[in-house]
Amino acid sequence: MNVIEACGLAKAYGGRRVVDDFAMTVAAGDIYGFVGKNGAGKSTVMKMICGEVAPTAGEVALFGVPTGIGSVQKTSGEGDQARRIGVLIEQPGLLPNLTAYQNLQAKALAWGIVDGPARCEEVLRLVGLAGAGKQKVRGFSLGMRQRLGLALALLGSPDVLLLDEPFNGLDPEATRAMRNLIVRLAQTFGITVVISSHVLDQLDRMATRYGVIANGRMVREMSAEEVAAECGGSLRVRTADSPRALAVLEEAYPAAAFRAEPGGTIVVSGDYNAEAVARTLSGAGQVVLEFSQDHRDIEDYFVELMEGGATHV
Amino acid sequence: MFNLLKSDMYRLAHGKMLWVVTAIVVAASVLVVAMMHAVSSPEFLSMTASAVDMTVTACEDEGARGAASGDEAEGPAAFEAPVAAAAEAVEDVAENAAEAEEGAASGSASAELWASVAEDPQALSEADFEGVSREMRTFATPADMLGDSVVSGGMLTLIVALVAALFCAQDFTTRFARNLVMDRRGRVRYYGEKIALVGVLAAFFLAVVSLTSVASFAVAGFTYEAANSLTDLLAFFGLTWLVIFAYGCSAAVIVWISRSAGAGVAWAIVVCSGFLGAVVGQVLLSLAVIAPWFGALEPWLLSSCVQDLGAFAGALLGTPAAAPLTMVPVAVQVLIVGAVAAGLCSALALGVLRKRDL
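Thresholds applied
- Every chain is numbered independently, its residues counted from 1 as its sequence is written.
- Chain A is the first chain written and ligand 1 is the first ligand written, with later ones labelled in order.
- In keeping with the predicted nature of the model, local features appear solely for residues at pLDDT of at least 70, side-chain atom pairs appear and are counted solely at 80 or more, and the whole-chain, interface and lining totals rest on all residues.
- UniProt positions are given in the numbering used here, feature names are shortened, and annotations may be inferred rather than shown by experiment.
- What counts as a helix is a DSSP run of H or I of at least four residues, what counts as a strand is a run of E of at least two, and both are numbered from the N terminus.
- Working definition of burial: number of other C-beta atoms within 10 Å of the residue's own, with buried at 20 or more, exposed at 12 or fewer, and partly exposed in between, all C-beta atoms being placed from the backbone.
- We call two residues in contact whenever the C-beta atoms placed from their backbones are within 7 Å.
- Think of the arc as the fan of directions from the helix axis to the C-beta atoms.
- Strands qualify as paired when DSSP identifies two bridges or more between them.
- Interaxial angle, 0 to 180 degrees, is taken between N-to-C directions of lines fitted to C-alpha atoms, where a helix line uses only the stretch in contact.
- Linking buried Ala, Val, Leu, Ile, Met, Phe, Trp, Tyr and Cys residues through C-beta atoms within 7 Å yields a set, and such a set is a nonpolar core.
- Residues are sorted three ways: Asp, Glu, Lys and Arg are charged, Ala, Val, Leu, Ile, Met, Phe, Trp, Tyr, Cys and Pro are nonpolar, and all the rest, Gly among them, are polar.
- The pLDDT score gives, residue by residue, the confidence of the prediction method on a 0 to 100 scale.
- Orientation is classified from the angle alone, with under 35 degrees giving roughly parallel, over 145 giving roughly antiparallel, 65 to 115 giving roughly perpendicular, and any other angle giving oblique.
- With the far helix as reference, a near helix turned anticlockwise by less than a right angle produces a left-handed crossing, and one turned clockwise produces a right-handed crossing.

- An unreviewed UniProt entry lists chain A under the name ATP-binding cassette domain-containing protein, with Adlercreutzia muris given as the organism.
- Among the UniProt annotations of chain A, the heading Sequence similarities (unreviewed entry) holds the following wording: "Belongs to the ABC transporter superfamily."

If you want it as structure tokens, here you go:
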């Protein structure tokens, strides 16, 4: 089931379209890495999904129900669906003069959450702020603020979390803690997470699907497996008898792709196993002069996609 | 919407702003009563009368010295001028007291006092001062007391507008509004709740100031000539609340338009205190020389309604409204102006501002 479906989404500010003809599909259970350059329109898309910003055109359906935010007619699902989304976009909205617990309680009251005090304590524990509940938010570090922002997003027991740059300003330890928490939320509670971030190696460690936005348009959506395959490594092999080695390998691995370089190096890509390739060459009596594995940097891969923003799916 | 209201009440109750402002309001109300108690005390009246007496005597002595110095040219003039000036000053005081206190219970008493001082400062006894003090410490009705000390100064409208502006701005400056459901229906609820909150704040501060003033005046020994009828009291409190609410809503709308606490505070100080209204009123009255209808607009300003509430607090249902509605009481005039102002603000928020992105 798709929990978020955006179609033909557009947003114009002062006549300039920052998001245009945007399409996005997020399935239940996904950890959706939303990737794009600064100003590509990531935050605007997320704001349109949660209803903070009204689209100029297009439609967003949450849990299969059109929100009707951008349409003239009001739909029955509006509001009810929005409550199933927890949002942390840009900086968390915190009241500095209140304590962490009071911030949560203020939202719990506004949302009419049953047994609010218990739920507030629960989410504070969940994000690791149980000991800081009585502290004024004014004295919180950036990491604590982000965690409290996440706690606010989790307060309504959402089915979907929209997180915009949750790693911004966090030190490595806090980044790891935040990443682990997000993964735990997805795995333990089955929460679908849409997460935009520039920290691609963090996304790489948790995302199950990706969407790449460039110039306000969705360039490509793909699964983590597809990304792994496309960024996946290649094997560089050089032997004393390259033509013979190529023939042996082509015969042994018909699903893999081979390319012979001018210096006699053979580049193996696609479906292969490095260990098996080494054994095959050894078995064929080949003298191996070079044997190394190349990985395509995920950052390079996404940058390439983002720069090819003119072509969109 | 009720949930949002509960949330805002929680935030107000657990924050500092409400309590700091309430403490300031209570302190200001007590201070006003203390000052009124001091200036209406027999000792203060006696002291003031003595000061006037001394002024007259000093002027007479100076005149006499001038005459004794043998300055033929200036002597008589120098003698007569200060005495005449002093006598004139005392008469002015008497006239001003009579005018200022016109209609108030203490008015005739203090006017008589100053008239007596002007005629013969030595003739006044302690009993005279005590009598005048008693009369000055007697209000016509409780509503008149509140109208005089609480409403007409514009403090309440200013305070409620300030709190409303600062609280509404906080949602945007801290981005707390992002934690709320802000789709189309959510925004209608949001703005509707905030307007209701301004109403609650208006009622809260009106109650705090009224209770503080009533208690403080009672402790200070002030009394009333008569009680208000329930209808008069309801009319006074209802209309005062409406006008404060309208001013509070206007400050909230300015914040929602500008998304700035500074703009809301500036609006509260310049407009909701009644300052701008007084200036506009004077301009309209001046323009009435050119076209009389300008002058006819002045009573229909919200700030003029605040003045009407202060001046006719105990008789809002018995005092005729301004033209062209002279056949109805001034209460109807205040009701129309207050309701139109509050209605315009609400329509702007719920009709136009709710369409604006967060």
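Structure's up, so let's keep going.
## Looking at the overall build of chain B
In step 1: Assigned secondary structure in chain B consists of 15 helices and two strands.
In step 2: Here chain B holds 358 residues, and 41% of them are scored as buried.
In step 3: Taking all contacts inside chain B whose residues are at least 6 apart in sequence as the whole, residues at least 24 apart take part in 75%.

## A short note on the overall build of chain A
In step 1: Check the secondary structure of chain A and you find 10 helices and 14 strands.
In step 2: Across its three principal axes, chain A shows a C-alpha extent of roughly 75 × 45 × 30 Å.
In step 3: The buried share of chain A, reckoned over its 313 residues, is 41%.
In step 4: Taking contacts inside chain A between residues at least 6 apart in sequence as the whole, the part at least 24 apart equals 66%.

## Quick notes on the environment of G29 of chain A
Residue and element names in this part refer to chain A.
In step 1: Among the structural elements, G29 can be located in the loop between β2 (16–27) and β3 (31–36).
In step 2: Looking at G29, the number of C-beta atoms within 10 Å reads 15, which means it is partly exposed.
In step 3: Spatially, the C-alpha atoms of G29 and F189 are 9.5 Å apart, while their sequence positions differ by 160 residues.
In step 4: Ignoring sequence-local partners within four residues, the contact set of G29 consists of G190 and T192.

## Section: helix α6 (residues 126–136) of chain B
Residue and element names in this part refer to chain B.
In step 1: Residues of α6 that are buried include every one of F129, V132, S133, E135 and M136, and no others. Mapping the buried residues of α6 onto a view down its axis gives an arc of 165 degrees, with all of them on the same face. Counted as exposed and oriented over 90 degrees from the buried face of α6: E126 and A127.

## Observations regarding the sheet that holds strand β11 (residues 234–239) of chain A
Sheets are built from strands that pair by backbone hydrogen bonding, the pairs being arranged parallel or antiparallel.
Residue and element names in this part refer to chain A.
In step 1: What the four strands build is an open sheet, ordered β12-β13-β11-β14; its pairing is antiparallel. A single partner strand is all that each edge strand has here, and the edge strands are β12 (256–260) and β14 (288–294). Shown here is a sheet whose adjacent strand axes are inclined to one another by a mean of 20 degrees, direction ignored.
In step 2: Sheet topology note: the β11/strand β13 (residues 266–270) ladder contains three bridges and is antiparallel. Paired with L235 across the strands is V268, a residue of β13.
In step 3: Strands β11, β13 and β14 of the sheet are contacted by helix α9 (residues 274–283), whose axis makes an angle of about 15 degrees with β11.

## Looking at the nonpolar core
In step 1: Counting 151 residues, the largest nonpolar core has A151 and L162 of chain A together with V160, A164, A165, V243 and A251 of chain B as the members making the most contacts within it.
In step 2: Here the element with the most residues in this core is helix α10 (residues 230–258) of chain B; it accounts for 16 residues.
In step 3: V160 of chain B has contacts with L201, A202, F205, I244, Y247 and G248 of chain B, leaving out every residue within four places of it along the chain.

## A look at the pairing of β14 of chain A
Residue and element names in this part refer to chain A.
In step 1: A small share of β14 lies buried, amounting to zero of its seven residues.
In step 2: Note that β11 and β14 share six bridges and pair antiparallel. Residue pairing for β14: R238 is matched across the bridge by E290.

## Structural notes on the interface of chain B and chain A
In step 1: Across the contact, 24 residues belong to chain B and 28 residues belong to chain A.
In step 2: Elements with a contribution of two residues or more to the side of chain B that touches chain A: α1 (2–14) and α9 (184–219) of chain B.
In step 3: A total of seven residues in the side of chain B that touches chain A trace back to one element, the largest contributor, which is α1 of chain B.
In step 4: Broken down by class, the residue content of the side of chain B that touches chain A amounts to eight nonpolar, seven polar and nine charged.

## Topic: the confidence of the model for chain A
In step 1: Mean pLDDT over chain A works out to 83, with 93% of the residues at or above the 70 mark.
In step 2: Here residues 69–78 of chain A scores under 50 on pLDDT; set against residues more than four positions off or in separate chains, the count is 26 contacts.

## Overview of the UniProt feature "transmembrane region" (unreviewed entry) in chain B
All names here are of chain B.
In step 1: Mapped onto the present numbering, the UniProt feature "transmembrane region" (unreviewed entry) falls on residues 18–39, 155–174, 195–222, 234–257, 264–294 and 330–353.
In step 2: Annotation note: span residues 18–39, helix share 100%, strand share 0%, distance between end C-alpha atoms 32 Å.
In step 3: Across residues 330–353 one finds 96% helix and 0% strand; the C-alpha atoms that close the span lie 33 Å apart.

## Some details on unusual backbone geometry
In step 1: Of note, the phi angle at D115 of chain A is positive, near 55 degrees, even though the residue is not glycine.
In step 2: We classify D115 of chain A as exposed; it has 9 C-beta atoms within 10 Å.
In step 3: Of note, the phi angle at R175 of chain B is positive, near 65 degrees, even though the residue is not glycine.
In step 4: As for its position among the elements, R175 of chain B is in the loop between α8 (155–173) and α9.

## Regarding the sheet that holds strand β10 (residues 217–223) of chain A
Residue and element names in this part refer to chain A.
In step 1: Taken together, the six strands give an open sheet; going across it, the order is β6-β7-β8-β3-β9-β10, and neighbouring strands pair in mixed fashion. Each edge of the sheet is formed by a strand with only one pairing partner; in this case those strands are β6 (85–88) and β10. Here the strands of the sheet are splayed against their neighbours by 15 degrees on average, with no regard to which way each runs.
In step 2: Alignment of strand β7 (residues 160–164) against strand β8 (residues 192–196), held across five bridges, turns out to be parallel. When the sheet's bridge partners are listed, V160 is paired in β8 with T192.
In step 3: Taken strand by strand, helix α4 (residues 142–154) contacts β6 and β7, and its axis lies near 160 degrees from that of β6.

## Regarding the packing of helix α2 (residues 100–111) of chain A against α4 of chain A
Residues and elements named next belong to chain A.
In step 1: Packing of α2 against α4 leaves a shortest axis separation of 10 Å and a crossing angle of 25 degrees. Regarding the angle of α2 to α4, the classification is roughly parallel. Two packed elements cross with a definite hand, and for α2 against α4 that hand is right-handed. For the pair α2 and α4, the contacting residues are A100, N103, L104 and K107 in the first and L148, A151 and L152 in the second.
In step 2: Of the residues contributing to the contact of α2 with α4, the split by class is five nonpolar, one polar and one charged.

## Focus: the environment of F172 of chain B
In step 1: Summarising the element assignment, F172 of chain B is placed in helix α8.
In step 2: Measuring from C-alpha to C-alpha, the distance between F172 of chain B and S260 of chain B comes to 8.2 Å, with 88 residues separating the pair along the chain.

## A closer look at the pairing of strand β9 (residues 209–214) of chain A
Each regular strand shows side chains that alternate between the opposite faces of the sheet.
Residue and element names in this part refer to chain A.
In step 1: Extensive coverage of β9 is indicated by the burial of six of its six residues.
In step 2: Neither face of β9 is left uncovered, since the one carrying R209, G211 and I213 and the one carrying Y210, V212 and A214 both have all their residues buried.
In step 3: Across five bridges, β3 lies against β9 in parallel orientation. Bridging from a neighbouring strand, G33 pairs with Y210 of β9.
In step 4: Bridge analysis of β9 against β10 gives six bridges, and the strand direction is antiparallel. Each residue of the ladder has a partner; that of Y210, found in β10, is M222.
In step 5: Taken together, β9 and the strand that follows it, β10, pair antiparallel across an intervening segment of two residues, in which N215 is found at a positive phi of about 50 degrees.

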